[in-house]
Amino acid sequence: MPWRETIDPYLIWVSEIILQQTTVRQGEEYYNRFVTAFPTIESLATAEQDAVLKLWEGLGYYSRARNIHHAAQDIMIRFGGQFPDTHKDILSLKGIGPYAAAAIGSFAYGLPYVVVDGNVLRVISRLYGITAPVDVTTTVKDIRAKAQALLETQDAATFNQAIMEFGAMMCTYKNPGCDSCPLIRSCRAYQEEMVPAIPIKSKRIKKTTRYFHFLLLEHNEKLVIEQRSSKGIWQGLYQFPLIEKKEAKDAPSLHEVAQIASINEQPPQVSEVYKQTLTHQYIVARFYKYSCKTVPKEVKMIRNTALIEYAWPKIIRQYLTDEGYLA
DNA sequence: AAGGCGGGGTT
DNA sequence: AACCCAGCCTT
């Protein structure tokens with residue numbers, strides 16, 4: 001892993017943000033492309049947000065891309081382009097929380113702050129037999145304090161790397177290697193046969209289903225696109241004009257489509273159903289291709305060949321790939 | 001303190 | 001299809 005062979009805080013920062021909620025296998029390619037495109041803080045700070053999002057396309061949690069971009073600009077202003085070297089300053093950057101601040105600080109500068117990621121939550125909660133839910137603030141604070149005490153005078157970078165690796169390789173969520181674990185004599189969960197039950201989580205997420213109808217409005221060999229803004233999913237990414245329905249059986253009416261653009265008489269070319277599961281939502285989407293007589297002046301229109309230049313949500317990118325638009 | 005935010009992996 | 005994986009921001 002290239003980011004383990006450097007003490008450059010910028011490279012470590014990029015890798016830690018990408019590797020959050022992402023497997024190493026998937027993240028590695030994104031990391032390489034990102035640091036090639038933006039080798040320095042300054043190059044990232046001066047980039048367009050669209051360019052940053054394009055490199056993040058398909059990775060998910062796009063606020064990470066917006067935040068790292070914003071933080072790079074912040075570093076130029078507040079720290080003269082030098083990545084800050086105190087825990088407090090690192091933590092003040094947007095998109096960097098307790099985990100990332102401890103990881104970057106220890107790996108780049110040897111700052112003595114323990115990392116608490118999912119691995120560490122699991123290791124420490126099992127070691128101390130913690131049956132309080134690990135997804136509440138007070139429990140995380142307790143676990144951080146216990147982990148910090150274990151770090152004590154040890155080398156922070158080595159300790160942080162080791163405890164995360166131990167969680168990932170030995171103290172795994174399923175099928176942990178208790179049979180060969182060097183810590184079973186001190187592991188409360190093992191002694192009380194609680195290993196499979198810990199860590200305990202309290203929150204359940206309920207998913208809502210949303211029905212999206214994307215309109216491909218064609219006029220003069222161009223398509224109408226728009227950028228998602230404000231709140232909700234896929235902020236900053238691009239999409240086609242969207243009509244959302246509450247029920248599966250609903251389809252956009254001619255009248256609704258006509259309000260967006262003046263369409264020709266022939267019926268639209270309707271795609272198959274595309275589905276995507278998000279953390280809190282289940283998306284069901286169809287795509288409708290219309291030929292238009294006119295479109296409103298203020299909309300953004302691009303040629304088919306330019307579609308590849310924009311950052312799309314996974315479900316739209318899948319459709320565009322299937323239709324040969326990105327080939 | 002609670003909820004929202006993608007996408008991938010395993011069973 | 002139904003489960004799991006996670007750190008940070010906003011409200």
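Treat the numbers as computed from the prediction; the structure is a model and nothing was measured.

Check the secondary structure of chain A and you find 13 helices and nine strands. Expressed as lengths along the three principal axes of its C-alpha atoms, the size of chain A is roughly 75 × 50 × 30 Å. Expressed as a percentage of the 327 residues in chain A, the buried residues total 46%. Between the averaged position of the 38 positive side-chain charges in chain A and that of its 34 negative side-chain charges there is a distance of 6 Å.

Glancing now at the protein's contact with DNA strand C. Taken together, 20 residues lie around DNA strand C, and Gln21, Tyr61, Gly95, Asp117 and Gly118 are the ones closest in. Expressed as a percentage, the sugar and phosphate content of the atoms of DNA strand C within 4 Å of the protein is 72%. Residue Lys94 places a side-chain N or O atom 3.3 Å away from a phosphate oxygen belonging to DNA strand C. Interatomic distance of 3.5 Å between a side-chain N/O atom of Lys201 and a phosphate oxygen of DNA strand C. Tallied by class, residues from the surface near DNA strand C come to seven nonpolar, eight polar and five charged.

The next point concerns the protein's contact with DNA strand B. In the vicinity of DNA strand B lie 19 residues, with Gln21, Tyr62, Trp234, Gln276 and Thr279 positioned nearest. Across the atoms of DNA strand B situated within 4 Å of the protein, the share located in sugar and phosphate is 59%. Here a sugar or linking oxygen of DNA strand B and a backbone polar atom of Gly58 are 3.5 Å apart. Elements supplying a minimum of two residues to the surface near DNA strand B: α2 (24-37) and β7 (274-277). A breakdown of the residues in the surface near DNA strand B according to their chemical character gives six nonpolar, 11 polar and two charged.

With that settled, the discussion passes to the side chain of Arg66. Turning to its location among the elements, Arg66 is positioned in helix α5 (residues 63-78). One buried charged residue, Arg66, remains without a salt bridge, the closest side chain of opposite sign being Asp50 at 10 Å. Sequence-distant contacts of Arg66, that is, excluding residues within four places in its chain, are made with Gln49, Leu53 and Gln235.

The next subject is the domain arrangement of chain A. Here chain A is partitioned into domain 1 (2-197) and domain 2 (208-322). Each of domain 1 and domain 2 was reduced to a C-alpha centroid, and the two centroids are 36 Å apart. Of the residues lining the interface, nine residues belong to domain 1; the matching set on domain 2 comes to 14 residues. Carbon and sulfur atoms supply 46% of the area buried between domain 1 and domain 2, which totals about 860 Å² over both sides.

What follows covers the nonpolar core. One broad trend across soluble globular proteins is that nonpolar side chains are buried collectively. Within the largest apolar cluster, 89 residues are counted, with the highest numbers of intra-cluster contacts made by Trp13, Phe34 and Phe240. A domain-level breakdown of this core finds at least three residues from each of domain 1 (2-197) and domain 2 (208-322). Other than its neighbours up to four places away in sequence, Trp13 contacts Ile68, Ala71, Ala72, Ile75, Phe83, Ile96 and Ile104. Within the second largest apolar cluster, 11 residues are counted, among which are Ile243, Ala261, Ile263 and Cys292.

The contact between helix α9 (residues 137-151) and helix α10 (residues 156-169) brings their axes to 10 Å, and the two run at 125°. By the criterion of interaxial angle, the relationship of α9 to α10 is oblique. Two packed elements cross with a definite hand, and for α9 against α10 that hand is right-handed. For the pair α9 and α10, the contacting residues are Ala147, Leu150 and Leu151 in the first and Ala156, Phe159 and Asn160 in the second. Taken together, the residues of the contact of α9 with α10 break down into five nonpolar, one polar and no charged.

About the cut-offs
- Going along each chain's sequence as written, the residues are numbered from 1 onward.
- All chains are assigned letters beginning with A, and all ligands numbers beginning with 1, in the order in which they are written.
- Per-residue local features are limited, in this predicted model, to residues with pLDDT of at least 70; the limit for side-chain atom pairs, both in listing and counting, is 80 or more; totals at the level of whole chains, interfaces and linings are taken over all residues.
- Here the side-chain values reflect all heavy atoms present in the structure, with hydrogen atoms and water set aside.
- Helix and strand definitions here come from DSSP, where helices need a minimum of 4 consecutive H or I residues and strands a minimum of 2 consecutive E residues; each element is numbered from the N-terminal end.
- Buried residues are those whose accessible area, probed at 1.4 Å on protein chains only, stays under 20% of the maximum for their type, while exposed residues exceed 50% and partly exposed ones sit between those limits.
- A residue counts as positive if it is Lys or Arg and as negative if it is Asp or Glu; His and the chain ends are not included.
- Taken as the charge location is NZ of Lys, CZ of Arg, CG of Asp or CD of Glu.
- Throughout, near means a residue has at least one heavy atom within 4 Å of the molecule or strand.
- Distance and chemistry together define a polar contact, namely a pair of N or O atoms within 3.5 Å, with one atom able to donate a hydrogen and the other to accept it when in protein, and with adjacent residues in sequence counting only for side-chain atoms on both sides.
- Throughout this entry, Asp, Glu, Lys and Arg are counted as charged residues, while Ala, Val, Leu, Ile, Met, Phe, Trp, Tyr, Cys and Pro are counted as nonpolar. The remaining residues, Gly among them, count as polar.
- Note on definitions: salt bridges are taken to be side-chain nitrogens of Lys or Arg within 4 Å of carboxyl oxygens of Asp or Glu.
- For this analysis, residues touch if any pair of their heavy atoms sits within 4.5 Å.
- The domain limits used here are those given by an automatic or database domain assignment.
- Two parts placed together each lose some accessible area under a 1.4 Å probe, and the buried area is that loss summed for both.
- For our purposes a nonpolar core is just a set of buried Ala, Val, Leu, Ile, Met, Phe, Trp, Tyr and Cys residues, chained together by side-chain atoms within 4.5 Å.
- Axis angles are defined between N-to-C directions and span 0 to 180 degrees, where every axis is a line fitted to C-alpha atoms and, for a helix, only to the segment in contact.
- Should an angle fall under 35 degrees it is called roughly parallel, over 145 degrees roughly antiparallel, and 65 to 115 degrees roughly perpendicular, with every other angle called oblique.
- Here is the rule for handedness: rotate from the far helix to the near one, and if that takes an anticlockwise turn smaller than a right angle the crossing is left-handed, while a clockwise turn gives right-handed.

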